[in-house]
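Listed here are the chains, written in short residue letters.
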Amino acid sequence: MWFGGDYNPEQWSKDVWDQDYRLFDEARIDTLTVGVFSWALTQPAPDVYDFTTLDGIVERALAEGRNICLATGTGAHPAWMARIFPEVTRVDFEGRRHRFGQRHNSCPSSPVFRKHSAEMARRLARRYGSLPNVVAWHVGNEYGGACYCDLCAAAFRVWLRNRYSTLDSLNEAWYTRFWSHTFTDWDEIEPPSALTEHWRGPDHTAFQGITLDYLRFMSHAMLQNFADEKAAIRESDPDTPITTNFMGMYRPIDYHRWASHLDFVSWDNYPPDDKSPERMALAHDLMRGLKGGQPFWLMEQTPSYTASRDVNPLKRPGIMGLWSWQAVAHGADAVLFFQMRASRGACEKYHGAVIGHAGRSDTRVFREVAALGRQLDELGAVTVGARTPARAALLFDWDSWWALELSDGPSRLVRYQAVVLAYYRALWSLGAQVDVVPVTASLDAYDIVVAPALHMLKAGVAQRLEDVARRGGSVVTTFLSGRVDENDNAFLMDVPGPLGPLMGVRVDEWDARGPEVVNPVLLGDSVVSEASLLFELVIPQGASVVGVYQDDFYAGTPAVTRNAFHAGEGWYVAAGLDQTGVDWVVRQVLDRHGLTGPYADVPGLEAAVRVAPDGTRLVFLLNHNASPVEVASCSTGLDLLSGERVRSGRPIRLNAHGVALVRVDR
Ligand code: GLA
Ligand code: ZN
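This structure is a prediction, so every number in the text was calculated from the model and none was measured.

A few points about the coordination of the zinc ion (ligand 2)
Logical step 1: Distances from the zinc ion (ligand 2) to its protein donors, Cys107 (SG), Cys147 (SG), Cys149 (SG) and Cys152 (SG), fall at 2.2 to 2.3 Å.
Logical step 2: Donor residues binding the zinc ion (ligand 2) come from one chain and are separated in sequence as C-x39-C-x1-C-x2-C. Here Cys107 is found in the loop between α4 (79-84) and α5 (111-128), whereas its partner Cys152 is found in helix α6 (residues 150-164), with 45 residues between them in sequence.
Logical step 3: Take Cys107: its relative accessible area is 0%, and that puts it in the buried class.
Logical step 4: With relative accessibility at 0%, the residue Cys152 sits in the buried group.

Below, the structure is given as structure tokens:
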């Protein structure tokens, strides 16, 4: 398992490098990501390439026997490039042409940027690609944001021509008879921005179809940037795997459309707080699901704190280790940090690092990193390449995310990630192994498919969900699902559109209210869920009622239904249930398939399973509580971290934030 992280020795003198490597030895750091922001060094002028510094960094890493994850360094362009070619800078949503500054700052459509970034990748690959210790390529960095310049506008029009062929079909897709928008020439089409279709920011658009297509286009344009560099690397380096660092649930980039272009997925885990292990679990599962369950790299995490937030809390003792193991439990084959040594200046000087400004090894953070390094080293390769045996799937869909949050009506308060997280949280806390997959994934392996807020229903998806139920599976969906087609136009049929037959319901009306309005939903005989935000009024068309509104003029009408469909079931949750309600619904479904985990009633104890390529079953137990827990073990085998044997049914004790990794006897 790769262990290490971002290393930027170009920022300090060579005597510090000696100290770095002594400390890397101590912490068993074996992998260094280098060159992530090195473009100004490697290409100091348009026709000048200078690899002296990078050569020194790479040679030293080789001499020290470290693996290198080599970055192309194109995540920030050099100052000269912006000066000589102002087109490489971005134009923002307000229409302002930016000047040189910051990073992640290049216009994705700029021919100058595309030519120079590819050329840099090409030269790096020729120079370093065949070195045995270069184990991966890290292209660009955290692709994201957007540009609204004229070059992007022109590229958008080309992209649209490819998508629609004719203006007639574009006009139909965008519903342009509304507000006199019919386009009669491709050149009339403008990027949707504050100057055109938008007011009150990027989510308020007069034409969802236009904005949706611009999001798709921008994601595609940046994918082209990645593909440019990948192709340039492949000219001389046919084998070294190529990745770029994703960001989990990051709205601007449709990672599902990117994934097939990466040799493996990697991502940066910077959770917004330390209270949501299930949010990280969801992001890990989403990242693992990008390439059909293939393991990924945890490319970055802070060992201690971030710097970019208004308030940057410190990871408590044990948390860094716990979260690293959580990543491994969900499919990570690498545990890497940002960063190995803290920068002295600029905006990340207070960002956490394995080695701080004083270069000490006797700090708590360093000791915890070193302890993890020792554990990973002693563990060896048992977990590498292991897969997650999930029988439940959660559908995640960027198009639905975009469409839902761009929509005027019914409610700006319904947020896609919050709905998805509520359902994932239920699955997670009840102990189900979950694959988070795109709507295009094969669903054959799953007994349960949960599709929260599947707002946009693309062709064939309803059919495939019906197939799940037809062979006995359960499908769960919620309010605001099945509303629009892939152009974001409403279906000319009852809500929930093509999901109607599977769900056995019809929705004619819906009521959106502020967060202060609660309409209690009675679930089964006795559980009451404080539902809020959105209440759809359901008219059953064959479904049975399992949850009922208690208040308002629709008191007594269904809020949750369950429909027998061939051998399976379709569950429709029409209201914004609170977590108690979501948990109740998900538990009924898991119980039906015997998939409720053994620790469903132990708060904060996560169990995750991976199956190694040789069939060995690995059970991870992760105690997210700040106090110890003791439970009955659900397996017999060897805890590879403590070296102790555990027996099924016998007590197993986990310290506060403790972890066990049981290799199950065969
Ligand atoms: C991102 C970047 C890194 C660094 C970290 C800080 O993940 O990729 O270069 O800025 O954030 O948290
Ligand atoms: Zn641009």
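Examining the sheet that holds strand β25 (residues 645-646)
Logical step 1: Across the sheet, which stays open at both edges, the five strands sit in the order β21-β22-β27-β24-β25 with antiparallel pairing between neighbours. Whereas interior strands pair on both sides, the edge strands pair on one side only; in this sheet they are β21 (605-611) and β25.
Logical step 2: One ladder, built from two bridges, connects strand β24 (residues 637-639) with β25; its direction is antiparallel. Counted as the bridge partner of Leu638 is Arg645 from β25.

A short note on helix α7 (residues 167-174)
Logical step 1: Inspection of α7 places Leu167, Leu170, Asn171, Ala173 and Trp174 among the buried residues, and these make up the whole buried set. The arc that holds every buried residue of α7, seen down its axis, measures 165 degrees, which confines them to one face. For α7, exposure combined with an orientation more than 90 degrees from the buried face picks out Asp168 and Glu172.
Logical step 2: Buried residues along α7 sit in contact with α6 and α8 (208-234).

Things to note about the pattern of salt bridges
Logical step 1: Taken as a whole and judged by the stated rule, the model has 43 salt bridges.
Logical step 2: Asp447 serves as the salt-bridge partner of Arg391, at 2.4 Å between the closest nitrogen and oxygen. Placement of Arg391 in the loop between α12 (364-379) and β10 (392-395) and of Asp447 in the loop between β11 (434-437) and β12 (448-451) is noted, with a sequence separation of 56 residues between them.
Logical step 3: Judged by its relative accessible area of 18%, Asp447 falls in the buried class.
Logical step 4: The partner of Asp397 in a salt bridge is Lys458, with the nearest N and O atoms 2.9 Å apart. Taken together, the residues Asp397 in the loop between β10 and α13 (398-406) and Lys458 in the loop between β12 and α15 (461-470) connect sequence positions 61 residues apart.
Logical step 5: Here Asp397 falls in the buried class, since its relative accessible area comes to 4%.
Logical step 6: Linked by salt bridges that have partners in common, Arg163, Asp213, Arg216, Asp254, Arg257, Asp397, Asp399, Lys458 and Glu486 make up one network.

Some points on α15
The α-helix winds at 3.6 residues per turn, so residues separated by three or four positions along the chain end up facing the same way.
Logical step 1: All of the buried residues along α15 are Val461, Ala462, Leu465, Glu466, Val468 and Ala469. All buried residues of α15 fall inside an arc of 150 degrees around its axis, so they share one side.
Logical step 2: Its buried side turned inward, α15 meets β10, β12, β13 (474-478), α16 (500-503), β19 (558-565) and β20 (568-573).
Logical step 3: Gly472 occupies a position one or two residues after α15 and carries a positive phi of about 105 degrees.

Criteria and thresholds
Residues numbered from 1 in each chain as written. Chains lettered and ligands numbered in written order. Predicted model: local features only at pLDDT ≥ 70, side-chain atom pairs only at ≥ 80, totals over all residues. Heavy atoms only, no water. Donors = N, O, S within 2.8 Å, 3.2 Å for Na, K, Ca; no water. Helix = DSSP H or I, 4+ residues; strand = E, 2+ residues; numbered from the N terminus. Buried < 20%, exposed > 50% of the residue type's maximum accessible area, 1.4 Å probe, protein only. Pairing = 2+ DSSP bridges. Arc of directions from axis to C-beta. Contact = heavy atoms within 4.5 Å. Salt bridge = Lys/Arg side-chain N within 4 Å of Asp/Glu carboxyl O.

Purely spatial values, then, with no claim about function.
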